[in-house]
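Inside the fold
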Amino acid sequence: MKKILFVFLDLLSIAFLAGGYAIQYFTKRKLGMVRWVVFKNKQLQEQMPVDVLKYAAAAFVLILAVFTLAGFLKKKAHRKKPDVVMAIFMAALTAGYLGFTILASENSIRSYYLVMPMIGAAALLQVIRNMIAVRTCKYEK
Amino acid sequence: MKKKIVSMLLCTAMVMSLAAGCSSPSNDAGTDSKEETEEDGADAAEDAAEVETVEQRTVYVSPAWVKSVIDGGQEGYENYVIGEVSYGDVDASPDYKEGHLPGALHIDICEVEDATGDEEGAYNLLKAEEVEQYLLSHGITKDTKVILYGQDPAGVGRAAYGYLWAGAEDVKILDGGIDAWNKAGYDLETEANEGEAAQDFGTAVPAHPEYWVSIEDAKDRVANEDNFKLVSIRSKEEWLGETSGYNYMDKAGEPEGAVWGKGAKTAFDVADFLHEDGTIISFDELKELWSDCDFTLDNHLSFYCGTGWRATVPFLMLYEEGYDNISVYDGGWYEWLMHDDYPVQVGDPASDDCEHMTVGELPTGKAAK
């Protein structure tokens, strides 16, 4: 059951990353797409405090990731190699998400406001995945 | 073991997906070889030598004429630049990389117009100094003969209009685009070209500010000048206020006082101005198209559309016929929508059903699906 859940979360993460990639890909190539993206950016900025939300979301994911990593390090005796790989990937993805949130902007990447939540969602799913792994690893042989 | 392999594969796929999304596409344009076409090169050169000359203000030219320029068969056209116009940089332009006219540069449409869509830019022409710098980067001065083409006749028209506004004195468009070129049997090449930058454009930019009408002038002149006609080059559905035509404009209608100049079936074509093969209609056909419109060629015709692409096509058609009482209201419906107090009409002004209100009073939900 846990294995199925992990595969599902991994696939969902891939889907979010692929979605972000697709948005950026077409934004760079299709004028209609970039104009729709500009329109959506404007709508988002009018309807919600996106600049506050983006940092709040990034901080939330970061805190969860730190707690998860801390828990993972505590359970040194029980962890397995694939879990280590996924924990490293989670850390890298979270770092990438934070970097994207802080360093990029709407001016540098037109689809910033649409791609950022995609990467954030992928990072969050990986945090959840690793959190489950940490909480359940003690029951495994 | 199985679990380990699955985890590793998923991990690899995610890293690759992320890396690919953040990277630029590779540029392999310079490595491809030239393509051969069906026609014999010698015959084509012979044909090119027989092509007639055209006037400086002629905009739409045949593939044979363009070929004759490339082959050196047009006196006075030794200093020329051919540009393929599309959106995005050269790496994001598959059409250019698949094959372009010999010697053609890639020209990003954003070298003439704003890409931010904000209130200051509004997808209008860029500031004069920016357009000038882009022109110079391609080696284009006021005396350079410029030949443009691309997949979208309105996009190419937009660039040509911008160049004329800036001051390029001789701007041509390959009539029918690359399809017509291919049909004529001429060669393409895939090697990317870069122009040799020029230093001095040769005149103050813009040399023709009168071709460009601001939103303030459009509003003022359509209300106060009888001879000034704000001509909508939009589809019937857009003209009647049934849809904005665009998925990024939520309100539909037209500036109050505008007249309809037809031209399009949708927001993304200029079908009424084109033959089935994609070549531009003749001046007589244009006059026939406009025979029942609420303006004459004696009026000052200021064309507009959504963001100033489609509007440039009739501008260029009249420009090449020698008309000077023409301009483009660049901001179009997009910029008009930015002003809640601006007057609008919804429906055919000649009918009793036409409603008059302000932008702020327009209902939303009219974006194209």
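Scroll up for the structure.
The rules behind these values
Residues numbered from 1 in each chain as written. Chains lettered and ligands numbered in written order. Predicted model: local features only at pLDDT ≥ 70, side-chain atom pairs only at ≥ 80, totals over all residues. Heavy atoms only, no water. Salt bridge = Lys/Arg side-chain N within 4 Å of Asp/Glu carboxyl O. Helix = DSSP H or I, 4+ residues; strand = E, 2+ residues; numbered from the N terminus. Buried < 20%, exposed > 50% of the residue type's maximum accessible area, 1.4 Å probe, protein only. Contact = heavy atoms within 4.5 Å. Phe/Tyr/Trp six-rings, centres within 6.5 Å; stacked < 30°, edge-to-face > 60°.

Oppositely charged side chains can form a pair if their charged atoms are brought close together. All chains considered together, the criterion is met by 19 salt bridges over all chains. Two residues, B:Asp71 and B:Lys67, come together in a salt bridge whose shortest N-O distance is 2.7 Å. A salt bridge links B:Arg158 to B:Glu113, with the nearest nitrogen and oxygen atoms 2.8 Å apart. Taken together, the positions of B:Arg158 in helix 6 (residues 153-166) and B:Glu113 in the loop between strand 3 (105-108) and helix 5 (128-137) put the pair 45 residues apart, joining distant regions of the chain. A cluster of three or more residues bridged by salt bridges with shared partners is formed by A:Arg35, B:Glu113, B:Arg158 and B:Asp330.

So, about the side chain of A:Lys54. Residue and element names in this part refer to chain A. Along the chain, Lys54 turns up in helix 3 (residues 50-74). The class for Lys54 is buried, based on a relative accessible area of 11%. Leave out the neighbours within four places in its chain, and Lys54 touches Tyr97, Thr101, Tyr112 and Met116.

Turning our eyes to something else, we now look at the packing of aromatic side chains. Residues and elements named next belong to chain B. Counting across every chain of the model gives 23 aromatic pairs over all chains. On the basis of an interplanar angle of 20° and a centroid distance of 5.8 Å, the ring pair of Trp290 and Phe303 is categorised as stacked. Linking Trp290 in the loop between helix 10 (283-289) and strand 10 (300-304) with Phe303 in strand 10, this pair joins segments that are 13 residues apart in sequence. Looking at Trp290, the relative accessible area reads 5%, which means it is buried. Note on Phe315 and Tyr319: the rings are 6.4 Å apart at their centroids and 15° apart in plane angle, and the pair reads as stacked. Remark: Tyr319 and Phe315 occur in helix 11 (residues 312-320); sequence separation between them is 4 residues, near one turn of the helix.

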